[in-house]
Amino acid sequence: MTEKTFKISGMHCAACSSSLERFMQRQEGVQSVSVNLTTEKMDIVYDDNLDVPKICELVSRLSFGAEEYISADALAAENRRKEQQEKQAELDAMKKRVIMCICFAVPLLYVSMGHMIGLPLPEFMMPHHAPLTFALVQLLLTLPIVIGGRNFYINGFGSLVKGHPNMDTLVAVGTFSALAYGVYALIKIALGDMSYAENLFFESAAVVITLVMLGKYLEARSKRHTSDAIRALTELAPETALVTRHGETGEVPVSELREGDVITVRPGERFPCDGTVTSGASSADLSMLTGESLPVTLDVGSTVTGGSINGEGLIVFTATKVGGDTALAQIIRMVEDAQGKKAPIAKLADKVAGVFVPVVMAIAVVAAIIWALCGKDIEFVLNVFVSVLVVACPCSLGLATPTAIMVGTGRGAEMGILYKSGEALQAMAFADTVVLDKTGTVTEGKPKLMSIYSVSLPENELLGICAAAETGSEHPVAKAITQAAFERETDLPEAENITAVPGRGIKATVSGKTVLIGNALLMQENGVEVNAAKEQIELENAGCMLMFAAIDGSFAGLFGAVDTIKKDSPDAIASLHNIGINTIMLTGDNEKAARSIADKANIDKVLAGVLPEGKAGEIEKLREGGSKVCMVGDGINDAPALASADIGVAIGSGTDVAIESADVVLMGSELSGLVTALRLSKAVIRNIKQNLFWAFFYNSVGIPFAAGVLYAFGGPLLSPMFAGAAMALSSISVVSNALRLKRFK
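Within every chain, residues take consecutive numbers counted from 1 along the sequence as written. For a predicted model such as this one, the threshold for reporting local features is a pLDDT of at least 70, and the threshold for listing and counting side-chain atom pairs is 80 or more; totals across whole chains, interfaces and linings nevertheless cover every residue. As a rule here, side-chain values cover all heavy atoms of the structure and leave hydrogens and water aside.

Novice: Got a sec to walk through the overall build of the protein? Specific residues and values, please.
Specialist: Counting its secondary structure elements, the protein contains 26 helices and 26 strands. Buried means the residue's accessible area, taken with a 1.4 Å probe over protein chains only, is under 20% of the maximum for its type, while exposed means over 50%, and partly exposed covers the values in between. Per-residue burial for the protein yields a buried fraction of 52% across its 745 residues. By definition in these notes, contact holds between two residues if any of their heavy atoms fall within 4.5 Å. Partitioning the contacts of the protein with sequence separation of at least 6, the portion at a separation of at least 24 is 67%. For the protein, the accessible surface area stands at approximately 32,300 Å², while carbon and sulfur atoms represent 57% of it. For the purposes of this entry, the term helix denotes a DSSP run of H or I that reaches at least four residues, the term strand denotes a run of E that reaches at least two, and both are numbered from the N terminus. Only the protein chains shown count as cover for residues, with accessible areas throughout obtained via the Shrake-Rupley method and a probe of 1.4 Å.

In structure tokens, the structure reads:
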């Protein structure tokens, strides 16, 4: 068996992806297939009866394009840039078409409807004085829009012919019916029947095409960022490494690294691969893996991770994992795999598209045939046929979902909530479990001094001495010490001869005394006996990072720093509980530290000591258990979990990778934005369902009138003019209902 991923082009909605999936599943040699609309990928497992060219040929039978997909970590940088440029060019072209359509749709609406509300119109264009000119001007304004939206007709009618109608089919059938009747009416006017000047439907076809094109452009613009998370991750690793081979040292491309290579990393540089330290001492920022802002001490024997940043010391290490085996490459693959999974929520309009269009067309054809057999003339028959299609024109159905989503996402942006797509907004509405990263999400992400244990000096005096020595240090706990001294307005004595000891701490002279501040290794190497076992254990159990202090060779005290909970976290968690959401905190911290934070925030459950690959696995377990999971995080380490969840939410103050991996971005750093995002999503979905109800209500009531059911029993026959009015009323109702979301608070 062979398993491959293909990049699919030409899909426009869920009906496209589902029809392709069903078609491929029926082919001989295909064992399993999954088509994802959002990522535009097809995962397929097949036997020797098939190969790549044959699969591409099969896909082309449904008018889709296919090419074998190459993983992002295997693509050259130049190829990635070229792909991004092509996507941007395509997006720019869509934007130009949308602007062009708007430029023609606005005057078309003015000409066709302005006179009805008293707006001035030149006499040579007035429908009562010059009906033919009135109709011709509308046709000329409509044609550029139809040309700009020609893909609706190409794809829509093509899909209909091949038996898998989609949203393009709905738009194509509805607008073409209105357009065709408009042309028919124009011909009748030209032949002398001026009554048809009031029965034109050019503006209906043009406006629907314009609005749907605008929605598709906004969707495409959001989908363009799908691969940005992968790009951001691949850019974490440096392009070259300083390698020593056979006694010679030189720059080597990272792609040419081998296990066993001896690599030197200077302060501030990124580690090119995974390995074990053989020489030097430093600290490393491992937040990409742990999510914590606190650095990790590196010494001989320590493990380094590709993509992490070296601190203040020179490190020499031996490569143990290179290329696709590194932890960073595994994270990239996890994000790709998670993004490739199908979205759990299908668009409501797409679900009914396959039934609605053929049923309406069948009704129109059957009604026309019946009246023809009853002896009615061609004009009567055509009136019935067009009336059915016009009254059932899926304008409101096509507007129901995108209009509500456009208004909802716009309102969200005003409130600092960015939904990357309509799919993200829909999926969020069904979430019943929120999984929260700890650092930077529930907590501030900045360590704060919690405890000072002083052996002989007053606390403030010890704090002042140490803060003086730590001034200018970038170490997170050093910043916590200096910040605490500032808040307490502690006097800082003069510090001299400040020397950083890589991977250990600081050595300085303060008021003539030799001061050491750093980790336990610094104390040990300088012969300082630490006699604070009880206090050390207590602080460690509280999840603190420790900083030891010695003055003139004697142990002077111990500092403990912890991250603090955000002020609004408890209220936000309470609000989540009020709307029926279960809360879970997922973190790499130890159990005691995590539980302490969770208790303060009243979070339901804690999953502690979980690394990135484990985080994605925990998310999958929850989903397999039936939960609709919303993952909230802010670090690179959260990227796989964000992509694995039904909906990923990134705190705006987090890393670029977390933001790009997420489906929703909270521009603020407070959890209260999450509550608002969930409530807004539910309001939009409720609005969409209302819109769809009214869309089908008008069709259900209008179709029997248009088909002549009441006329057969002595009632009135719905003319195309009233059919158009009903269609317009349904669209107005849908848009008006969607606009109510602007008042969401």
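Novice: Summarise the sheet that holds strand β8 (residues 274-279); cite the residues concerned and give the values.
Specialist: Note: two strands are recorded as paired if DSSP finds a minimum of 2 bridges between them. Pairing is antiparallel in the open sheet, where 6 strands are placed in the order β6-β5-β7-β13-β8-β11. What marks the edges here is a single partner per strand, and that holds for β6 (248-253) and β11 (303-304). Bridge count between β8 and β11: 2 bridges; the pairing is antiparallel. Within the sheet, the bridge partner assigned to G275 lies in β11 and is V304.

Novice: Please give an account of the pattern of salt bridges that cites residues and values.
Specialist: Any Lys or Arg side-chain nitrogen located within 4 Å of an Asp or Glu carboxyl oxygen qualifies as a salt bridge. Applying the stated criterion to the full structure yields 14 salt bridges. Between E68 and K4 there is a salt bridge, with its nearest N and O atoms 3.0 Å apart. One end of the pair, E68, is in strand β4 (residues 65-68); the other, K4, is in strand β1 (residues 2-9), and 64 residues separate them in sequence. The class of E68 is partly exposed, set by a relative accessible area of 38%. Take K4: its relative accessible area is 24%, and that puts it in the partly exposed class. Where D261 meets R245, a salt bridge forms, and the shortest distance between an N and an O atom there is 2.7 Å. Here the residue D261 occupies a position in the loop between β6 and β7 (262-265), and R245 occupies one in strand β5 (residues 240-245), the gap between them amounting to 16 residues.

Novice: Just give me the short version of a nonpolar patch on the surface, but keep the residues and values in it.
Specialist: A residue counts toward a patch only above 30% relative accessible area and without a salt bridge, and it is joined to like-charged neighbours within 9 Å or, for Val, Leu, Ile, Met, Phe, Trp and Tyr, to nonpolar neighbours within 5 Å. Together, L109, Y110, M113, M116, I117 and L119 make up an exposed nonpolar region whose accessible area comes to about 570 Å². L109 gets classed as partly exposed once you look at its relative accessible area, which sits at 34%.

Novice: How would you explain the nonpolar core if you had to name every residue and give the values?
Specialist: Here, the term nonpolar core denotes a set of buried Ala, Val, Leu, Ile, Met, Phe, Trp, Tyr and Cys residues that are joined through side-chain atoms within 4.5 Å. Core analysis: the biggest nonpolar cluster contains 46 residues, and M428, V434, L436, C630, V632, V664 and L674 have the highest contact counts within it. Here the element with the most residues in this core is helix α25 (residues 672-707); it accounts for 10 residues. If we ignore the near neighbours within four places in the chain, the residues touching L674 are M428, V434, L436, L576, C630, V632, V649 and L666. In terms of nonpolar packing, the next biggest core, distinct from the first, is built from 38 residues, M94, V146, A197 and M213 among them.

Novice: If you had to explain the packing of helix α20 (residues 569-578) against α25 to someone new, which residues and values would you point to?
Specialist: Orientation of α20 relative to α25, taken along the N-to-C sense of each, is 20°, at an axis distance of 8 Å. Comparing the axis directions of α20 and α25 gives the class roughly parallel. Where α20 crosses over α25, the two elements pack in a sense that is left-handed. Here A572, S575 and L576 of α20 lie close against α25, whose contacting residues are S672, L674, V675 and L678. In terms of residue class, the contact of α20 with α25 is made up of 5 nonpolar, 2 polar and no charged. Axes here mean lines fitted to C-alpha atoms, for a helix over just the part in contact, with angles spanning 0 to 180 degrees between N-to-C directions. In these notes the angle categories are as follows: under 35 degrees is roughly parallel, over 145 is roughly antiparallel, 65 to 115 is roughly perpendicular, and the rest is oblique. Should the near helix be turned anticlockwise from the far one by less than a right angle, the crossing is left-handed, and should it be turned clockwise, the crossing is right-handed. Under this grouping Gly is polar, as are all residues other than the nonpolar Ala, Val, Leu, Ile, Met, Phe, Trp, Tyr, Cys and Pro and the charged Asp, Glu, Lys and Arg.

Novice: Now, about helix α5 (residues 150-161): what can you tell me, with residues and values included?
Specialist: Taking 1.5 Å of rise per residue, 12 residues should cover 16 Å, and α5 covers 16 Å from first to last C-alpha, within 8% of that figure. Along α5, the residues classified as buried are F152, Y153, G156 and S159. Take α5 and look down its axis: the buried residues cluster within an arc of 150°, on one side only. Exposed positions of α5 whose direction lies more than 90 degrees from the buried face are I154 and V161. Backbone geometry just downstream of α5 places G163 in the positive-phi region, at approximately 85°. Expected span of a helix: the number of residues minus one, times 1.5 Å. To obtain the arc, one takes the directions from the helix axis to the C-beta atoms.

Novice: Can you lay out the packing of aromatic side chains for me, pointing to particular residues and giving the numbers?
Specialist: Between 30 and 60 degrees the pair is tilted, below 30 it is stacked and above 60 it is edge-to-face, where a pair is any two Phe, Tyr or Trp rings, Trp via its six-membered ring, whose centres lie within 6.5 Å. Enumeration over the complete set of coordinates arrives at 6 aromatic pairs. For the pair F157 and F176, a centre-to-centre distance of 5.7 Å together with 85° between the ring planes defines the contact as edge-to-face. You can see F157 sitting in helix α5 and its partner F176 sitting in helix α6 (residues 167-190), a full 19 residues away along the chain. By relative accessible area, which is 29% here, F157 ends up partly exposed. Judged by its relative accessible area of 43%, F176 is partly exposed. Here Y181 and Y184 contribute two aromatic rings whose centre-to-centre distance is 5.6 Å and whose plane-to-plane angle is 45°, an arrangement assigned as tilted. Taken as a pair, Y181 and Y184 lie in helix α6 at a separation of 3 residues, close to a single helical turn. Here Y181 and Y184 have matching classes, each one buried. Here the aromatic cluster, defined as three or more aromatic residues joined through ring pairs, consists of Y153, F157 and F176.

Novice: Hey, could you go over the pairing of strand β21 (residues 554-565) for me, with residue numbers and the actual values?
Specialist: Burial analysis of β21 places 9 of its 12 residues in the buried class, which makes it a mostly covered element. Sheet topology note: the strand β16 (residues 443-454)/β21 ladder contains 8 bridges and is antiparallel. Opposite T443, over in β21, you have I565 as the bridge partner. Strand direction decides the pairing type here: strand β20 (residues 545-551) and β21, joined by 7 bridges, are antiparallel.

Novice: Lay out the environment of A495 in plain terms, naming residues and giving numbers.
Specialist: Structurally, the position occupied by A495 is in strand β17 (residues 495-501). Residue classification places A495 among the partly exposed residues on the basis of a relative accessible area of 25%. Considered as a pair, A495 and E470 are 25 residues apart in the sequence and their alpha carbons are 9.1 Å apart. With sequence-adjacent residues up to four places away left out, A495 is seen in contact with A468, A469, T509 and V510.

Novice: How would you sum up the sheet that holds β4? Please name residues and give values.
Specialist: Strand pairing in a sheet relies on backbone hydrogen bonds. The paired strands run either parallel or antiparallel. An order of β2-β3-β1-β4 is seen for the 4 strands of this open sheet, with the pairing classed as antiparallel. In this open sheet, the two strands that pair with only one neighbour each are β2 (30-36) and β4. With direction set aside, neighbouring strand axes in the sheet form an average angle of 25°. In the sheet, β2 pairs with strand β3 (residues 41-46) via 6 bridges, with the strands oriented antiparallel. Pairing of S34 across the sheet is with D43, part of β3.

Novice: Can you lay out the environment of Y196 for me, pointing to particular residues and giving the numbers?
Specialist: For Y196, the location among the structural elements is in the loop between α6 and α7 (202-223). For Y196, a relative accessible area of 3% translates into the label buried. Separated by 69 residues in sequence, Y196 and P127 have C-alpha atoms that sit 9.7 Å apart.

Novice: Explain the state of the cysteines to me, using residue names and the numbers behind them.
Specialist: As used in these notes, a disulfide is a covalent bond between sulfur atoms, one from each of two cysteines. Note on terminology: disulfide denotes any pair of cysteine sulfur atoms within 2.5 Å. In the structure shown here, the tally under the stated rule is 0 disulfides. No disulfide involves C101; its nearest neighbouring cysteine sulfur is the one of C103, lying 9.2 Å away.

Novice: Outline the pairing of β6, supporting the account with residue identities and numerical values.
Specialist: In this sheet, β6 lies alongside β5 in antiparallel orientation, the contact comprising 6 bridges. If you follow T240 over to β6, its bridge partner there is P253. Counting the residues that bridge the hairpin from β5 to β6 gives 2 residues, and of these H246 lies at a positive phi of roughly 55°.

Novice: Tell me what's going on with unusual backbone geometry, and back it up with residues and numbers.
Specialist: Phi at H246 is positive, roughly 55°, even though this residue is not glycine. You can see H246 is positioned in the loop between β5 and β6. Judged by its relative accessible area of 82%, H246 is exposed. The backbone phi angle of N497 is positive, close to 50°, even though this residue is not glycine.

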